[in-house]
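Here is how the chains run, residue by residue.
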Amino acid sequence: MKIKKEIIDVQVNARFTIVLDENLTTGYKWHPVFDNTRLILVGDDYMPKAPMCTGSGGIRKFTFRSLQPGNHALKLEYKREWEKRAIQIKEYLIR
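None of these values were measured; they are calculated from a predicted model.

Attention now moves to the overall build of the protein. Regarding its fold elements, the protein presents zero helices and seven strands. Mapped in sequence order, the helices and strands of the protein form the string β-β-β-β-β-β-β. Here the C-alpha coordinates of the protein stretch approximately 45 × 30 × 20 Å along the principal axes. The buried share of the protein, reckoned over its 95 residues, is 32%. A fraction of 66% describes how many contacts in the protein between residues 6 or more apart in sequence connect residues 24 or more apart. Carbon and sulfur atoms make up 49% of the accessible area of the protein, which totals about 6100 Å². Taking the average location of the 17 positive side-chain charges in the protein and that of its 11 negative ones, the two points are 3 Å from each other.

Structure, rendered in structure tokens:
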């Protein structure tokens, strides 16, 4: 699995948002992995694209706030709670 790191520039104490497609009806969900001394998760919202029914997807909206200056790693893993391996990974460099 090739992972491309995306760069997000943000000021200290500023908020930024990442929006990803997600399909809760399959059991898959995005899971953020980050150092909570450098970033804080201030919002985690799921919005279905249509009425919630089997097979319908939606979007997951994460809102973070940067706590310190410098470069910070943020990884989002798309997996089921009970599985160790993600089927998709998004990596971000927050600076």
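Next comes the rest of the description.
Hydrogen bonds along the backbone pair up the strands of a sheet, which may run parallel or antiparallel. The sheet built from four strands is open, its strands ordered E1-E7-E6-E3 with mixed pairing. This sheet does not close on itself; its edge strands, each paired only once, are strand E1 (5-8) and strand E3 (29-34). Shown here is a sheet whose adjacent strand axes are inclined to one another by a mean of 25°, direction ignored.

Here the focus is unusual backbone geometry. For Asn13, which is not glycine, the phi dihedral falls at a positive 70°. Mapping Asn13 onto the fold places it in the loop between E1 and strand E2 (15-22).

With that out of the way, let us pick up the environment of Thr25. For Thr25, the location among the structural elements is in the loop between E2 and E3. Its relative accessible area of 32% is what places Thr25 among the partly exposed residues. Remark: the alpha-carbon pair of Thr25 and Gly58, spanning 33 residues in sequence, is separated by 9.7 Å.

Conventions adopted
- Residues numbered from 1 in each chain as written.
- Predicted model: local features only at pLDDT ≥ 70, side-chain atom pairs only at ≥ 80, totals over all residues.
- Heavy atoms only, no water.
- Helix = DSSP H or I, 4+ residues; strand = E, 2+ residues; numbered from the N terminus.
- Buried < 20%, exposed > 50% of the residue type's maximum accessible area, 1.4 Å probe, protein only.
- Contact = heavy atoms within 4.5 Å.
- Areas by Shrake-Rupley, 256 points an atom, 1.4 Å probe, with all protein chains shown as cover.
- Lys, Arg positive; Asp, Glu negative; His and termini not counted.
- Charge placed at Lys NZ, Arg CZ, Asp CG, Glu CD.
- Pairing = 2+ DSSP bridges.
- Axes fitted to C-alpha atoms, helices over the stretch in contact; angles between N-to-C directions.

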